[in-house]
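# Coordinates in review
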Amino acid sequence: MRHPQASTTPDEALMVELRELKDRTGLSLAALAARTPYSKSAWHRYLSGGTPPPRPAVEALCRLAGADPEAVLALWEAAGTPAPETAPQAAPETAPEEPGPRRRLRRLGPRLPRRLPSWLPLSVLVLFGTATAVAAAAVALSDRPGATPAAQTLPGVPRCHGRSCQGELPDPSLCARDARTTTMVTGPAYTVRLRWSPACGTAWSQVRVRSPKAREVSVRAGQNVLSAGYPADDSTGDSSPMLSVSSPRGVEACAEVAGQLACTGLDVEPGAQG
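Conventions and cut-offs
- Residues numbered from 1 in each chain as written.
- Predicted model: local features only at pLDDT ≥ 70, side-chain atom pairs only at ≥ 80, totals over all residues.
- Heavy atoms only, no water.
- Phe/Tyr/Trp six-rings, centres within 6.5 Å; stacked < 30°, edge-to-face > 60°.
- Buried < 20%, exposed > 50% of the residue type's maximum accessible area, 1.4 Å probe, protein only.
- Core = buried A, V, L, I, M, F, W, Y, C linked by side-chain atoms within 4.5 Å.
- Helix = DSSP H or I, 4+ residues; strand = E, 2+ residues; numbered from the N terminus.
- Contact = heavy atoms within 4.5 Å.
- Pairing = 2+ DSSP bridges.
- Axes fitted to C-alpha atoms, helices over the stretch in contact; angles between N-to-C directions.
- Parallel < 35°, antiparallel > 145°, perpendicular 65-115°, else oblique.
- Left-handed = near helix turned anticlockwise from the far one by under 90°.
- Nonpolar A, V, L, I, M, F, W, Y, C, P; charged D, E, K, R; others polar.
- Disulfide = S-S within 2.5 Å.
- Polar contact = N/O pair within 3.5 Å; in protein donor to acceptor, adjacent residues only side chain to side chain.

One pass over the structure, following the stated rule, counts 3 aromatic pairs. Taking 6.1 Å as the distance between ring centres and 80 degrees as the angle between the ring planes, the aromatic pair formed by Tyr38 and Trp43 counts as edge-to-face. Given the relative accessible area of 1%, Trp43 is considered buried. Seen in terms of ring centroids, Tyr38 and Tyr46 are 6.1 Å apart; in terms of plane orientation they differ by 75 degrees. Their pairing is edge-to-face. For the pair shown, Tyr38 and Tyr46 are each scored as buried. Of the aromatic side chains, those joined through ring pairs into one cluster are Tyr38, Trp43 and Tyr46.

One broad trend across soluble globular proteins is that nonpolar side chains are buried collectively. Of all hydrophobic cores here, the largest spans 21 residues; its most connected members are Leu18, Leu21, Trp43 and Val72. Mapped by element, the contributors of at least two residues to this core are α1 (10–25), α3 (40–48), α4 (55–65) and α5 (69–78). When residues of this core are assigned to their parent elements, the largest contribution, 5 residues, is made by α4. What Leu18 contacts, discounting residues up to four positions off in sequence, is Tyr46, Leu47, Pro53, Val58, Leu61 and Val72. The next biggest cluster of nonpolar side chains, apart from the first, holds 18 residues, and it includes Leu169, Val192, Ala253 and Ala255.

The sheet built from 4 strands is open, its strands ordered β5-β4-β7-β8 with antiparallel pairing. Strands at the two margins of the open sheet, each flanked by one partner only, are β5 (224–230) and β8 (260–266). With direction set aside, neighbouring strand axes in the sheet form an average angle of 15 degrees. Pairing analysis gives 7 bridges linking strand β4 (residues 215–221) to β5, with the strands arranged antiparallel. Paired with Val217 across the bridge in β5 is Ala228.

Another point: the packing of α1 against α4. Two elements in contact, α1 and α4, have axes whose closest approach is 8 Å; the angle formed by their N-to-C orientations is 40 degrees. Put simply, α1 runs oblique to α4. In terms of crossing hand, the pair formed by α1 and α4 is left-handed. The segment α1 lies against α4, with Leu18, Leu21, Lys22, Arg24 and Thr25 engaging Val58, Leu61, Cys62, Leu64 and Ala65. Within the contact of α1 with α4, the residues separate by chemical class into 7 nonpolar, 1 polar and 2 charged.

Before going further, it helps to spend a moment on the state of the cysteines. Overall, the coordinates contain 3 disulfides when judged by the stated rule. One disulfide bridge connects Cys160 with Cys165, the sulfur atoms lying 2.0 Å from each other. Looking down the S-S bond of the Cys160 and Cys165 bridge, the torsion is 110 degrees, so its handedness is right-handed. Judged by relative accessible area, which is 0%, Cys165 ranks as buried. Disulfide partner of Cys254: Cys263, at an S-S distance of 2.0 Å. Here the disulfide of Cys254 and Cys263 is right-handed, its torsion about the S-S bond being about 115 degrees. Bonded cysteines in the protein chain are paired 1-2, 3-4, 5-6 when counted in the order they occur along the chain.

Here we come to the side chain of Asp238. Following the sequence through the fold, Asp238 ends up in the loop between β5 and β6 (243–244). Residue classification places Asp238 among the buried residues on the basis of a relative accessible area of 14%. A polar contact is formed between the side chain of Asp238 and the side chain of Ser239, at a distance of 2.9 Å. In this structure, Asp238 is in contact with Ser205, Gln206, Val207, Arg208, Val217 and Tyr230, ignoring residues within four places of it in sequence.

What follows is the structure, encoded as structure tokens:
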């Protein structure tokens, strides 16, 4: 990787490195869009510095270029947006960033006024006091190390549903948590599965290879096709981007491994095979 000069800002250094990786792949913006979950216009913004790229996009470009992602991700982290020097007293909730585990604090009860009107009846004052005590006890219990599983289920909730999942990958979106294999095809070198998530309303293709091989994984419903490519040295990439569908019926999952194409799906019932 080229080391930028000391006067180069982290944003510029990352943009230059991403352009070099793109040139190394020999792929056009349209080809990048076909092999990743990101559109041609999104790649143009990432490579021109118009929009900071998400971490999965940087990792996908490193895979296609055969580059070590650690050094590039170090530039990506250095180019992160700094926190503002002064924060407002009541900051609104912000939309979640790129998929990844994070804690979100929620208010467990209504905020009480600093000073209650003197004309409130005694019964109302008692109800206010009871609600405050219950909310305080709930906060204390949720912060204990031995908290019950019910207080720790929020991280398992999918981060998207339906059309908002279109083009996303199943693992970062947590849609793989409840996924079912509706149909599969098995060959000597690999197995292709059509996966379906009822919670997210999405379907995707998954391939498992028995030895390291380059692979192209795609999913199709009518004219809607999404695909992702993985090099032979990538041992983790196995899924296509997700399609937003109401049912796995009519969806086809395919994988091309070492020049051999295998497909499964289309007219299947949404049964569970695990």
